[in-house]
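Commentary on secondary and tertiary structure
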Amino acid sequence: MMGLHRRTFLAAGAALSALTASWPTFGQTPATVVLTNVSYDPTRELYRAVNDAFAGEWRRSTGQKATIRTSHGGSGRQARSVIDGLEADVVTLALAGDIDAIARESRRLPENWQSRLPKNSCPYTSTIVFVVRKGNPKGIKEWSDLARPGVSVVTPNPKTSGGARWNYLAAWADELERTKGDQAAARKLVEAIFRNVPVLDSGARGSTTTFAQRAVGDVLISWENEAFLALQEFGADKFDIVVPSLSILAEPPVAVVDAVVDKRGTRKAAEAYLNFLYSAPGQKIIARNFYRPFKSEDADPADLARFPKIKLVTIDQVFGGWKKAQAEHFADGAIFDQIYKPSGKASR
Amino acid sequence: MTVSKVTGQRFTFVRPSALPGFGITLGFATTYLSLIVLLPLVVLVWRASALGLDGIWKVATTPRVMAALEVSFMTSALAALLNAFFGTLVAWVLVRYDFPGRRLLDAAVDLPFALPTAVAGIALAALYAPNGWIGALFAPWGIKIAFTPLGIFIALVFIGLPFVVRTVQPVLQDFEREVEEASATLGATRLQTVFRVVLPALVPALVTGVALAFARAVGEYGSVIFIAGNIPFVSEIAPLLIVTRLEEFDYAGASAIAVVMLTISFVALLIINSVQALSRRRYEGA
């Protein structure tokens, strides 16, 4: 319902701005360019900062005013909105699988979209860490601790949340590393962790609220950036961040939606917007907002110092890429669905 | 109408009205209903029909879907029944007693209609979470309300209450006090008056209210997801499963679950309606 409202609002806003933008100027460049960025859940603060900086940059180089509207939600849900017709000039989602789905289902961008920008179209990366109650009363250090009986774990639902899929895969990868590649053991660990989950929210922000404000759970599996933000927002005296010895390199990609920018005539601005993320000022903003920049020399050293050293594995190394991971783990009836059994024992 | 029945007069309305315009209003009503109600349902069935009848059956009978349907229909039925009792009580108090703040209370009954369901869900979750005002009272006893089926039940009671109150209230208002007094002068005890005189007159309206509350509860999504916990096989409601399917780009599967829900609801409402017709006939015959 909220999604619908946001969509109609965005659509109406975009239509209105397109009208006002094209009206006063004839034949020249319109005075305002409006971009819609459809993003995932925890990027609200990042893109607020990026949008301001980009608008300034764009005005300096073209003299044109740039207005960027961003929409946030669970990554899978956002992808579906775009497939269903939400006019996104750019999508900045939690994982390549969701942009793949847009390419596959709506054909609004080519299947090879990920090769069009540097670093597999990922201007920033992040990873998955734990947030625990102050003093870490349950002594949680590693992924295997989440599977212990009596530990209550909060994570969103991997079916709807991109972050939750990274959470799941990080746990799986850690157990593989520990057992030297025992897939059955990895599956058992992930099953045990999800049996400890009392609430499955649909997106990362929902889980953060459940953990921080509703006081549910001993540990929140969270995006690194979201964990820092939660500490900043709710007070460092309430929570601690625990960094496991191994985690996954989460690569949230960005892409221009060709069919939309060509129809609206916004390709130049949309491409500049994404390229701005790769520029020195863009990388600096990224690090400031707790995302890991790919070019650390552009970022503020003080910001970089906040990132803990973790051994990070990639989805390509361990799972053979998103398409394979999606089919094996998250598709209808795949391993994640099999975790929940009709016995009703799954929750206790 | 009820009044005429109570006093035992017969009033039948079999012949078409003397007023003109039957044809045009019938035409308008059918077109309107088709556009607003039937057309979306046709689209839904058409979407689901991509799977075929066995496909729909297969989706409906997976353990996960069965469990979600059970959660949805059980909690909705229980919430409607609780509302039947307390809704009638609220209506009774509002109609029969005058006290300071009555109008305010009367207006407050409609709030669950007006409140965006997501807001209701967040408020209820905050209240009934282990650290919320009410949840904290139960937490020491090991009773969890929010994020369990009990939380779903509470949300559904909340959204269903106005339906019962608003259907029972007018009937109660029209119900003449003299009938109760007559019952008393004829030697009936107070309980006999309530159960044999007042309640039978309320039953048709009450059944309608309960049916409406039930139907609304089955389809409720916004408020429930915030308080349910959404754990498969425990606290996952069928509408959430539909939304999850949509997010997996499985439109046919989502429509299939929707069609199954619709069928069950339709049958349930049909049964409720016939119960109502039966009780009305019995009451009128008495």
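I will try to describe carefully the structure that is included in this document. (Residues numbered from 1 in each chain as written. Chains lettered and ligands numbered in written order. Predicted model: local features only at pLDDT ≥ 70, side-chain atom pairs only at ≥ 80, totals over all residues. Heavy atoms only, no water.)

**Quick word on the overall build of chain B**
The test is simple: Only runs of H or I of at least four residues qualify as helices and only runs of E of at least two qualify as strands under DSSP, and these elements are numbered from the N terminus. Only heavy atoms matter for contacts: two residues are in contact if any of them lie within 4.5 Å across the pair. Note on areas: Shrake-Rupley with a 1.4 Å probe; residue coverage comes only from the protein chains shown. The positive count covers Lys and Arg only, the negative count covers Asp and Glu only, and His and the chain ends enter neither. The atom standing in for a charge is NZ when the residue is Lys, CZ when it is Arg, CG when it is Asp and CD when it is Glu.
The helix and strand inventory of chain B stands at 14 helices and zero strands. Going from N to C terminus, chain B has its helices and strands arranged as α-α-α-α-α-α-α-α-α-α-α-α-α-α. The contacts in chain B between residues at least 6 apart in sequence include a share of 76% that link residues at least 24 apart. Here chain B has roughly 16400 Å² of accessible surface; of this, 72% comes from carbon and sulfur atoms. Taken as two groups, the 19 positive and 16 negative side-chain charges of chain B have centres that lie 5 Å from each other.

**What to know about the environment of Ile99(A)**
All names here are of chain A. On the secondary structure map, Ile 99 appears in helix 4 (residues 96-106). Each C-alpha atom, one on Ile 99 and one on Lys 324, is 15 Å from the other, the two residues being 225 residues apart in sequence. Beyond its immediate stretch of four places on either side in the chain, Ile 99 contacts Val 91, Leu 93, Leu 109, Trp 113, Pro 253, Val 254 and Ala 255.

**Remarks on the packing of aromatic side chains**
Rules: The pairing test for Phe, Tyr and Trp rings, Trp by its six-membered ring, is centres within 6.5 Å, and the orientation test on the planes gives stacked under 30 degrees, edge-to-face over 60, and tilted for anything in between. Buried residues are those whose accessible area, probed at 1.4 Å on protein chains only, stays under 20% of the maximum for their type, while exposed residues exceed 50% and partly exposed ones sit between those limits. Criterion for a charge above a ring: Lys NZ or Arg CZ within 6 Å of the ring centre, and within 35 degrees of the ring normal.
According to the stated counting rule, one finds 22 aromatic pairs over all chains in the structure shown. Where Phe130(A) meets Trp143(A), the ring centres are 4.8 Å apart and the plane angle is 80 degrees; that geometry is what we call edge-to-face. In this pair, Phe130(A) sits in strand 4 (residues 124-133) while Trp143(A) sits in the loop between strand 4 and strand 5 (153-154), placing the two residues 13 residues apart along the sequence. Like Phe130(A), the residue Trp143(A) is buried in the burial classification. Put simply, the rings of Tyr168(A), Trp172(A), Phe194(A), Phe330(A), Phe336(A) and Tyr340(A) touch in pairs and so form one group of aromatic residues. One Lys or Arg, Arg133(A), reaches over the ring of Phe211(A) and ends 3.9 Å from the middle of that ring. Above the face of the Trp92(B) ring, Arg96(B) is positioned so that its terminal group lies 5.0 Å from the ring centre.

**Here we look at the interface of chain B and chain A**
Basically, it comes down to this: By convention, the term buried area covers the 1.4 Å-probe accessible surface removed from two parts as they join, with the contributions of both added. Any Lys or Arg side-chain nitrogen located within 4 Å of an Asp or Glu carboxyl oxygen qualifies as a salt bridge. Under the rule applied, a polar contact is a pair of N or O atoms within 3.5 Å (in protein, one hydrogen donor and one hydrogen acceptor; residues adjacent in sequence only if both atoms are side-chain atoms).
Contacts between the two partners involve 26 residues from chain B, matched on the other side by 31 residues from chain A. Interface area for chain B against chain A, summed over the two sides, is near 2400 Å², with a carbon-plus-sulfur share of 60%. By the criterion of area lost to chain A, the three top residues of chain B are Ile231(B), Glu247(B) and Phe249(B), representing 28% of everything that side buries. Joining chain B to chain A, the criterion identifies two salt bridges. Across the chain B-chain A interface, the total number found is five residue pairs in polar contact (both at pLDDT 80 or more).

**Quick word on unusual backbone geometry**
The backbone of Lys180(A) sits at a positive phi, close to 55 degrees, despite the residue not being glycine. Looking at where Lys180(A) falls in the secondary structure, it is placed in the loop between helix 6 (162-178) and helix 7 (183-195). Phi angles above zero are rare outside glycine, and Asn230(B) is one such case at about 60 degrees. Assignment of secondary structure puts Asn230(B) in the loop between helix 12 (224-228) and helix 13 (238-247). When its relative accessible area of 7% is taken as the criterion, Asn230(B) is described as buried.

**What about the nonpolar core?**
Formally: Side-chain atoms within 4.5 Å link the members of a nonpolar core, which is a set of buried Ala, Val, Leu, Ile, Met, Phe, Trp, Tyr and Cys residues.
Counting residues in each nonpolar core, the largest one holds 93 residues, and the members touching the most others are Val91(A) and Tyr168(A). Looking at this core, the element that brings in the most residues is helix 6 of chain A, giving eight residues. One finds Ala48(B), Ala80(B), Val171(B) and Val259(B) within the second-largest nonpolar core, a separate group that totals 40 residues.

**Quick word on helix 7 of chain A**
Residues and elements named next belong to chain A. Quick reminder of the rule: Take the number of residues in a helix, subtract one, and multiply by 1.5 Å to get its expected span.
If you check helix 7, its first and last C-alpha atoms are 18 Å apart, about what 13 residues at 1.5 Å a residue would give, namely 18 Å. Every buried residue belonging to helix 7 is among Ala 185, Ala 186, Leu 189, Val 190, Glu 191, Ile 193 and Phe 194, and all of these are buried. In this structure, the buried side of helix 7 is in contact with strand 5, helix 6, strand 6 (219-223) and helix 16 (335-339). Here helix 7 starts with a cap whose side-chain oxygen sits 3.1 Å from the backbone nitrogen of Ala 184, and that cap is Asp 182.

**What about the pattern of salt bridges?**
Residues and elements named next belong to chain A. One pass over the structure, following the stated rule, counts 37 salt bridges over all chains. With a closest N to O distance of 2.4 Å, Glu 87 and Lys 263 form a salt bridge. Here Glu 87 is found in the loop between helix 3 (75-83) and strand 3 (90-92), whereas its partner Lys 263 is found in helix 10 (residues 258-264), with 176 residues between them in sequence. Since its relative accessible area comes to 27%, Glu 87 is described here as partly exposed.

**Details of a nonpolar patch on the surface**
All names here are of chain B. Selection criterion: In this analysis, a patch consists of residues with relative accessible area above 30% that form no salt bridge, clustered at 9 Å for like charges and at 5 Å for the nonpolar side chains Val, Leu, Ile, Met, Phe, Trp and Tyr.
Among the surface-exposed residues, Phe 28, Tyr 32, Leu 33, Leu 35, Ile 36, Val 37, Leu 38, Leu 39, Leu 41 and Leu 262 lie close enough to one another that they form a single nonpolar patch of about 970 Å² accessible area. Here the element with the most residues in the nonpolar patch is helix 2 (residues 22-48); it accounts for nine residues. Mapping Leu 33 onto the fold places it in helix 2.

**Quick look at the sheet that holds strand 2 (residues 65-71) of chain A**
Residue and element names in this part refer to chain A. Note the threshold: Each pair of strands is called paired provided DSSP finds at least two bridges between the two strands. All axes are obtained by fitting lines to C-alpha atoms, using only the stretch in contact for helices, and the reported angles, taken between N-to-C directions, cover 0 to 180 degrees.
Strands sit in the order 2-1-3-9 across an open sheet of four strands; the sheet is mixed. Every interior strand has two partners, whereas the edge strands, strand 2 and strand 9 (254-256), have only one. Averaged over neighbouring strand pairs, the angle between their axes works out to 20 degrees when direction is ignored. Pairing of strand 1 (residues 32-39) with strand 2, which is carried by seven bridges, proceeds in the parallel orientation. Note that in strand 2 the partner of Asn 37 across the bridge is Thr 70. Packed onto the sheet, helix 2 (residues 44-62) meets strand 1, strand 2, strand 3 and strand 9 and runs at close to 160 degrees relative to strand 2.

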